[in-house]
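Each chain is listed here by its residues.
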Amino acid sequence: MHSDAPLLTPSAFESVQLIDHHCHGVVEHQLARPEFESMMTESNWDAPAGTTVFDSQLGTAIRRWCAPLLDLDPHVSAERYLERRAELAPSEVNARLLRGAGIDRYLIETGYRGDDILSPQGMADRAGATADAVVRLERLAEQLAPQLQSATDYAESFRAQLRTELTTAVGVKTIAAYRLGLDFNPVRPTDAEVAAAAAGWLREIEGGAEPRLDDAVLIRFGIWCAVDEQQAIQFHIGFGDPDVDLHRCDPLLLTEWLRLTRESGARVLLLHCYPFHRNAGYLAHAFPHVYCDVGLAINYVGARAPQIIAESLELTPFDKALFSSDAFGLAELYLLGAHLFRRGLLRVINEWIGAGEWDAATGEALIRKICADNAVRAYQLDERPRFVMAGATS
Amino acid sequence: MHSDAPLLTPSAFESVQLIDHHCHGVVEHQLARPEFESMMTESNWDAPAGTTVFDSQLGTAIRRWCAPLLDLDPHVSAERYLERRAELAPSEVNARLLRGAGIDRYLIETGYRGDDILSPQGMADRAGATADAVVRLERLAEQLAPQLQSATDYAESFRAQLRTELTTAVGVKTIAAYRLGLDFNPVRPTDAEVAAAAAGWLREIEGGAEPRLDDAVLIRFGIWCAVDEQQAIQFHIGFGDPDVDLHRCDPLLLTEWLRLTRESGARVLLLHCYPFHRNAGYLAHAFPHVYCDVGLAINYVGARAPQIIAESLELTPFDKALFSSDAFGLAELYLLGAHLFRRGLLRVINEWIGAGEWDAATGEALIRKICADNAVRAYQLDERPRFVMAGATS
Amino acid sequence: MHSDAPLLTPSAFESVQLIDHHCHGVVEHQLARPEFESMMTESNWDAPAGTTVFDSQLGTAIRRWCAPLLDLDPHVSAERYLERRAELAPSEVNARLLRGAGIDRYLIETGYRGDDILSPQGMADRAGATADAVVRLERLAEQLAPQLQSATDYAESFRAQLRTELTTAVGVKTIAAYRLGLDFNPVRPTDAEVAAAAAGWLREIEGGAEPRLDDAVLIRFGIWCAVDEQQAIQFHIGFGDPDVDLHRCDPLLLTEWLRLTRESGARVLLLHCYPFHRNAGYLAHAFPHVYCDVGLAINYVGARAPQIIAESLELTPFDKALFSSDAFGLAELYLLGAHLFRRGLLRVINEWIGAGEWDAATGEALIRKICADNAVRAYQLDERPRFVMAGATS
């Protein structure tokens, strides 16, 4: 049943650009162990007494794959790893790991803890790459609302601000999954609904509340504005931190909204998707404007990355699968996001070639599509200048 | 951990009949590329500009496995494949691929686009096989309703027509998943409910509406009529075209209805089931009258077929698993449905033998059961003459 | 891509204690074939005429792995297996299979058909092991209710009885999944709600009803009492017999209840979890007080055990995964529960070592954690004397 066809080697990635279509910035200060551990889990709390977050697939992958980039042996202990990491300047750690990741272009979502992390320009410089921004819709609203004189300005001001940001940003992101659940009302809200909701929110802010957008009408309004702008719209899907009600983050809950937006010109990017990645693959198969990835999951499942990649490639058309790391904060997450993805994809393709099902050319074409071509099409990157490049301001 | 026990070879299938318990007919005219591509996806729309449906697991499998039957090398380009296909008469393409499939008996659901495809007799002739019909309940209603003089005749006329069709047909199919979702009310509707619903529907038809059955009471009534006739009842489950709300097609939503029908004498066949095939396996394990397959999915997941087959064989009793292609239109889908199924099942069994968990006799018994014995039991085929046989009318 | 690192051998388990954190007692009488088959399925009904429950993954595993312990060849027929089994005294069969399981400590849930099975002391004696009891909350209520003079005593009497039982028992179990579904109201019921619910239930019992607890308020009350006692609380999750509405047994439905109990000091043990084991892994990742296993499933999926174990170890932190057999009645289920678990875990770890992702030390540490350390932490077993030991009363 097995074939003698030649397998692909890691060199199959050498001539291919790698675009990370969804990540955040890296932190650049010395990290004590508790802070480091808090950034290598989606949990919001410490591990139980006597245990460590390193005892996980991700921790094992850090010890295996990141250690050599810090001049250590593979599988070094967590203690030794962190000790060595602290001997190096944070910028040195970041440079080694980011350059080791081999990511050529970063699409960076800037709406989460933006003050703690490197800017797109900083990321470009540190990684020797290019970087573009992705706008978080809810954050844009939260920055806008406190500045408004009147709720009647909300809709127009939001649209105007979004258009301004999109002169440089390459797409938008929504965290409706966190704030509402994906079973939100798929219909476009009316002008009157938006005005009333804005009025309610502004009153709360005037009353002293932090400007946190969790109003369903305004979140839906933001998404529909992005549809009107024919944008690439990233949705958080599936697994995330414990704020999420995971059973309300199944992408299938978006089905009716996808029907309503199919002819809009917008593209929909389903992020992460674990453990609903097969469902996401179905949507990418059924709807021409849907793309998906298994970012975030790749890092957390570690040695299981090949299986998750393979499951995501059951129904997903080869022109609709994307790569992302969803890395935030730790340079290790960019390195592993890219390394485990390339390594897992190569293994999966070689299994199919070895079983006599695929030929090498099909595998090489898939690599080009996932690593770069599909992101270029989804974000229309060939029509946009790169916003920031390594060394552009330094 | 590994065993030296002898593995099974493809010859394990040679003495075994293969019954495709759910498929449709093949088209038999020259297919231009757009029409061909539209039949190799569950999407209702074109692929995005610059992409092709061939860049998928199914497209790869067509280029790999169907090409040699058209005198081409494996892995030939899509362009060359379609060019060669067009050089041959449609009947020649169909004959080569259908006979290559090695299916001995087709149970053909005739209720979908019946005018565009070969009849059961045509399929039997082209494939050199036998064929039987399966009645789509909703289509039967849609053919019946416009002929009725009065809504009060609906229930009795439906029952009578169903009985007539079942003098030759071997079972029924319902698309309640599409029209209602599987979370329909599991209880048998009352006579009064049926009469009222029929009256409403007939008024719509008299008013000029196309006779499309989407009334919940009448769809449930049709299913319960099939229960009363102690039929084999096929349910569409899981993945399908974008008309489906996939999150409402989980077979677990049928649990209460399965409790109500357990002692009825009906058998329930869960079709396709991806990505809920493990849930379907649980129902086949728990309920004695439930059977399941992973047809349709096998074609679409291509090189991943072995994993899907293996997952479906976790909980499904070996006496409850069935084979189907769910092929429609393209002869390639019958060939691949059967080929990828046999190949994947063989690989899975050999993994278990090779790991020292199974012996060859257990594997051979499983093959006989899935390929033929289970369908014979579920449809009571040994009590029914074969309806149409190759050459019977030619 | 593959590593030459030395793989682990079965000896990796030799110096490690194995704690079965959830099982029941074994029966000890001669079993005719129908009774034997009824205990090797979760179905409540006979297999269809002409079929046998042995034609399943579990049946195949019994013929493969249990036969040699009864002096038979592997893969012997079901008939020969049962014939040989009947030649031996039930206590001899139990001793051979239980001792073959290599389980050192059993945590035994005593609330289901307790009169038909060996007690914890009987299990300890037969297995040459130690055993502790786990209290089923619903059973405790059902034993208490008929003895009460007044419903106003219910709350206090329940708490007092629970405390009494917990002087020796090491934890509690709830079957809320069966009686309510996991989408129960997560909030603690008020005293008034409990009193009113108790009054209603006692009236039913006085009226002659069997004391079966299916009142949502009282089931929730029992769970919250266990939270107050800072107990290890086992939840039935996922797959079980056909009484369960499986789509209401997804552990994600517990998310809000887990938020409410995170700081309580209780530990939550998600049992079985198939086919929702990835969702359970997410909860164990996100919530510090959540643990999970894939017991029960291991037996039923047989040759597929390695894949289920691997899937459960994607997100589950290595300090949160547990071992259980969930065996009831048949000694074969303890043997297979332990054997397939050890064998599957070893294979999974060796795949990761062989692929160059893990080193042997990481694998050895994981084995120690899952087999013993995690159960010791979750149940605080190092603070509790072993309740019954082999030979303690014989």
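Note that this is a predicted model, so its numbers are computed, not measured. (Residues numbered from 1 in each chain as written. Chains lettered and ligands numbered in written order. Predicted model: local features only at pLDDT ≥ 70, side-chain atom pairs only at ≥ 80, totals over all residues. Heavy atoms only, no water.)

> Where do I start with the relation of the copies chain B and chain C in this structure?
Between the two copies of this chain, the relationship is a rotation about some axis together with a displacement along it. Taken as rigid bodies, chain B and chain C are interconverted by a rotation of 120 degrees and an axial shift of 0.0 Å, the fit giving an RMSD of 0.0 Å. When the rotation and shift are considered jointly, the pair of chain copies conforms to a three-fold rotation axis. Minimal C-alpha separation from the rotation axis in chain B is found for Gln-307 of chain B, amounting to 5.9 Å. Taken together, the interface assignments show that only 3% of the residues at the interface of chain B recur at the interface of chain C, consistent with different surfaces on the two copies. (Least-squares fit on C-alpha atoms with pLDDT ≥ 70 in both. Contact = heavy atoms within 4.5 Å.)

> What is the right way to look at the relation of the copies chain B and chain A in this model?
Overlay of chain B on chain A (RMSD 0.0 Å): rotation 120 degrees, translation along the axis 0.0 Å. By residue overlap, the copies meet through two different surfaces: only 2% of the interface positions of chain B are interface positions in chain A.

> Would you take a moment to explain the UniProt feature "domain: Amidohydrolase-related" (unreviewed entry) in chain A for this structure?
On the UniProt side, "domain: Amidohydrolase-related" (unreviewed entry) is annotated at positions that read residues 191–381 of chain A here. Overall, residues 191–381 of chain A shows 54% helix and 8% strand. The separation of its end C-alpha atoms is 32 Å. (UniProt positions renumbered as here; feature names shortened; annotations may be inferred. Helix = DSSP H or I, 4+ residues; strand = E, 2+ residues; numbered from the N terminus.)

> How should I be thinking about the pattern of salt bridges in this particular structure?
Pairing is possible between side chains of opposite charge, provided their charged atoms come close. If you walk through the whole model with that rule in mind, you get 91 salt bridges over all chains. With a shortest N-O distance of 3.1 Å, Asp-55 of chain C and Lys-369 of chain B are connected by a salt bridge. Taken as a pair, Asp-55 of chain C in the loop between α1 (33–38) and α2 (57–66) and Lys-369 of chain B in helix α16 (residues 360–379) lie in two separate chains rather than in one. Lys-369 of chain B sits in the buried class, given a relative accessible area of 13%. Among the salt bridges present, the one from Arg-80 of chain C reaches Glu-87 of chain C, with a minimum N-O distance of 3.7 Å. Through salt bridges that share partners, Asp-71, Arg-80, Glu-83, Arg-84, Glu-87, Glu-92 and Arg-96 of chain A make up one connected network. (Salt bridge = Lys/Arg side-chain N within 4 Å of Asp/Glu carboxyl O. Buried < 20%, exposed > 50% of the residue type's maximum accessible area, 1.4 Å probe, protein only.)

> What exactly am I supposed to notice about the interface of chain B and chain A here?
In many reports, interface size means the accessible area that the parts give up when they come together. Contact residues are listed per partner, giving 40 residues for chain B and 31 residues for chain A. Each partner contributes to the roughly 3200 Å² buried at the junction of chain B and chain A, and carbon and sulfur atoms together form 56% of this total. The salt bridge partner of Arg-278 of chain A is Glu-311 of chain B, with a shortest N-O separation of 2.9 Å. One can count 21 residue pairs in polar contact (both at pLDDT 80 or more) joining chain B with chain A. Elements represented by at least two residues in the side of chain B that touches chain A include exactly α2 (57–66), α13 (297–301), α14 (305–312) and α15 (331–354) of chain B. By residue number, the principal contributor to the side of chain B that touches chain A is α2 of chain B, which donates five residues. The class makeup of the residues in the side of chain B that touches chain A is 16 nonpolar, twelve polar and twelve charged. (Buried area = accessible area lost by both parts, 1.4 Å probe. Polar contact = N/O pair within 3.5 Å; in protein donor to acceptor, adjacent residues only side chain to side chain. Nonpolar A, V, L, I, M, F, W, Y, C, P; charged D, E, K, R; others polar.)

> Explain the environment of Asp-250 of chain A to me, please; I cannot follow it from the model alone.
Residue and element names in this part refer to chain A. Inspection of the secondary structure assignment puts Asp-250 in the loop between β5 (232–237) and α11 (255–261). Relative accessible area serves as the criterion here: at 12%, Asp-250 is assigned to the buried category. Distance in space between the C-alpha atoms of Asp-250 and Ile-349 is 27 Å, their sequence separation being 99 residues. When near neighbours in sequence (up to four residues on either side) are disregarded, Asp-250 contacts Leu-182, Phe-276 and Asn-279. At 2.9 Å, the side chain of Asp-250 forms a polar contact with the backbone nitrogen of Leu-252.

> Please clarify how the packing of α14 of chain B against α15 of chain B should be interpreted in this entry.
Each pair of packed helices can be described by the angle between their axes along with the distance between the axes. Residue and element names in this part refer to chain B. Relative orientation of the contacting elements α14 and α15 amounts to 65 degrees, with a least axis distance of 8 Å. Regarding the angle of α14 to α15, the classification is roughly perpendicular. As α14 packs across α15, the resulting crossing turns out to be right-handed. Contact with α14, carried on its side by Ala-305, Pro-306, Gln-307, Ile-309 and Ala-310, involves Leu-340, Phe-341, Gly-344, Leu-345, Arg-347, Val-348 and Trp-352 of α15 and no other residues of that element. Split by residue class, the contact of α14 with α15 holds nine nonpolar, two polar and one charged. (Axes fitted to C-alpha atoms, helices over the stretch in contact; angles between N-to-C directions. Parallel < 35°, antiparallel > 145°, perpendicular 65-115°, else oblique. Left-handed = near helix turned anticlockwise from the far one by under 90°.)

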